Amino acid sequence: MNRSAATASLSRPAQPGVRQPDVRQPDVRQPDVRQHILDVARPLLLRKGFTAVGLSELLAEAGVPKGSFYHYFGSKEAFGEAVLEAYFSDYLGEIDALLAGPGTGAERLLRYFGHCLDTQVGDHMQSRCLAVKLGAEVCDLSEPMRIALDRGIGAIVERLTRCIQAGIDDGSLPSLPSLADPAAAANTLYQSWFGASLLAKIGRDRASLDAAMAGTRQMLGLATEA
């Protein structure tokens, strides 16, 4: 059926006793459909992972037809890559706001890591780290998704590196061997928090995250909180 015929058929009045097709459309403006699908997908993936979320479930949750999905994403793999890119874009914006705020370099670093601790425990599902959830699962399934993860994590480490250097420059971080190479220090800290977040999921408690915070303070040469 061509577009004009389809439009005409939908505009005809309903005939008595004839079941009309279900032509529900998503309750979003057309330019927003792609973003709507990505927004709906994130909590699903955070709960269930990439493989376990089927296309039918996603489309039902988003209220969009399959044609709309394939208009924006050529495959589920391309969709997964887009989800990760959107996630990192949002997350890097949060990091920029935290690290660009007032205070010394050390204070801004602690503000960021405090945010990490607060959002990885309790009921903050929407703020949980999608990289932790999907990292081990998708890296062997999809090279584009692996690259998106690697690129996003690299951008996080780059921001932490700059803030560590700022703390050294303003004197709020001491001159320690552990901070002699700010990039290496930032990478070590990120790895510590990534592992701690995964262990917190496994153990369903915050002990590993509290340990990561204590280790972060020690590595930065800052007093441990009482």
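Procedures and definitions
Residues numbered from 1 in each chain as written. Predicted model: local features only at pLDDT ≥ 70, side-chain atom pairs only at ≥ 80, totals over all residues. Heavy atoms only, no water. Helix = DSSP H or I, 4+ residues; strand = E, 2+ residues; numbered from the N terminus. Contact = heavy atoms within 4.5 Å. Buried < 20%, exposed > 50% of the residue type's maximum accessible area, 1.4 Å probe, protein only. pLDDT = per-residue confidence, 0-100. Expected span 1.5 Å × (residues − 1). Core = buried A, V, L, I, M, F, W, Y, C linked by side-chain atoms within 4.5 Å. Axes fitted to C-alpha atoms, helices over the stretch in contact; angles between N-to-C directions. Parallel < 35°, antiparallel > 145°, perpendicular 65-115°, else oblique. Nonpolar A, V, L, I, M, F, W, Y, C, P; charged D, E, K, R; others polar. Phe/Tyr/Trp six-rings, centres within 6.5 Å; stacked < 30°, edge-to-face > 60°. Lys NZ or Arg CZ within 6 Å of the ring centre and 35° of its normal.

Below, the discussion takes up the overall build of the chain. Across its full length, the chain holds 10 helices and 0 strands. In the chain, the succession of helices and strands from N to C terminus is α-α-α-α-α-α-α-α-α-α. Relative to all contacts within the chain whose residues are 6 or more apart in sequence, the contacts with residues 24 or more apart total 66%.

Moving on, we get to the environment of Met-213. In this fold, Met-213 is placed in helix α10 (residues 207–220). Placed 24 residues apart in sequence, Met-213 and Leu-189 show a C-alpha to C-alpha distance of 9.6 Å. Contacts of Met-213, omitting those with residues within four sequence positions, involve Phe-113, Gly-114, Leu-117 and Trp-193.

Okay, unusual backbone geometry next. We note that Arg-204 has phi near 55 degrees; this positive angle belongs to a residue other than glycine. Of note, Arg-204 is situated in the loop between α9 (182–203) and α10. Of the residues examined, Arg-204 reaches a relative accessible area of 78% and is grouped as exposed.

Attention now goes to the confidence of the model for the chain. For the chain, per-residue confidence averages 85 on the pLDDT scale, and residues scoring 70 or more make up 82% of the total. The low-confidence segment residues 1–29 (pLDDT under 50) makes 14 contacts with residues lying over four places distant or belonging to another chain.

Taking 1.5 Å of rise per residue, 15 residues should cover 21 Å, and helix α6 (residues 105–119) covers 21 Å from first to last C-alpha, within 8% of that figure. All buried positions along α6 are accounted for by Gly-105, Ala-106, Arg-108, Leu-109, Tyr-112, Phe-113, Gly-114, Cys-116, Leu-117 and Thr-119. Those residues of α6 that are buried lie in contact with α5 (76–99), α8 (143–170), α9 and α10.

Let us look at the nonpolar core. Leu-58, Phe-79, Tyr-112, Ile-156 and Leu-160 are the most contacted members of the largest nonpolar core, which totals 65 residues. Residue assignment for this core shows that the elements contributing at least two residues are α2 (33–48), α3 (55–62), α5, α6, α7 (130–138), α8, α9 and α10. Setting aside residues up to four positions removed in sequence, Ile-156 forms contacts with Phe-88, Tyr-91, Leu-92, Ile-95, Tyr-112 and Tyr-190.

Quick look at the packing of α5 against α8 now. The interhelical angle for the contact between α5 and α8, taken along N-to-C directions, is 5 degrees, at an axis separation of 8 Å. When the axes of α5 and α8 are compared, the pair comes out roughly parallel. A breakdown of the residues in the contact of α5 with α8 according to their chemical character gives 15 nonpolar, 2 polar and 7 charged.

If you trace the backbone, Leu-110 turns up in helix α6. Leu-110 sits 106 residues away from Thr-216 along the chain, and the two C-alpha atoms are 8.6 Å apart. What Leu-110 contacts, discounting residues up to four positions off in sequence, is Arg-217 and Leu-222.

Next up on the list: the packing of aromatic side chains. The description of an aromatic ring pair rests on the distance of the ring centres and on the angle between the ring planes. Tallied over the entire structure, the rule returns 9 aromatic pairs. Ring geometry for Tyr-87 versus Phe-88: centroids 5.2 Å apart, planes at 65 degrees, classification edge-to-face. Relative to Phe-194, the ring of Tyr-190 has its centre 5.9 Å away and its plane inclined at 45 degrees; by these criteria the two rings are tilted. Here Phe-194 and Tyr-190 lie together in helix α9, a separation of 4 residues that amounts to about one turn. By relative accessible area, Phe-194 is classed as partly exposed at 24%. Each member of the aromatic cluster is reached from another via a ring pair, and the members are Phe-69, Tyr-70, Phe-73 and Phe-79. Above the ring of Phe-50, the side-chain terminus of Lys-76 is found at 4.6 Å from the ring centroid.

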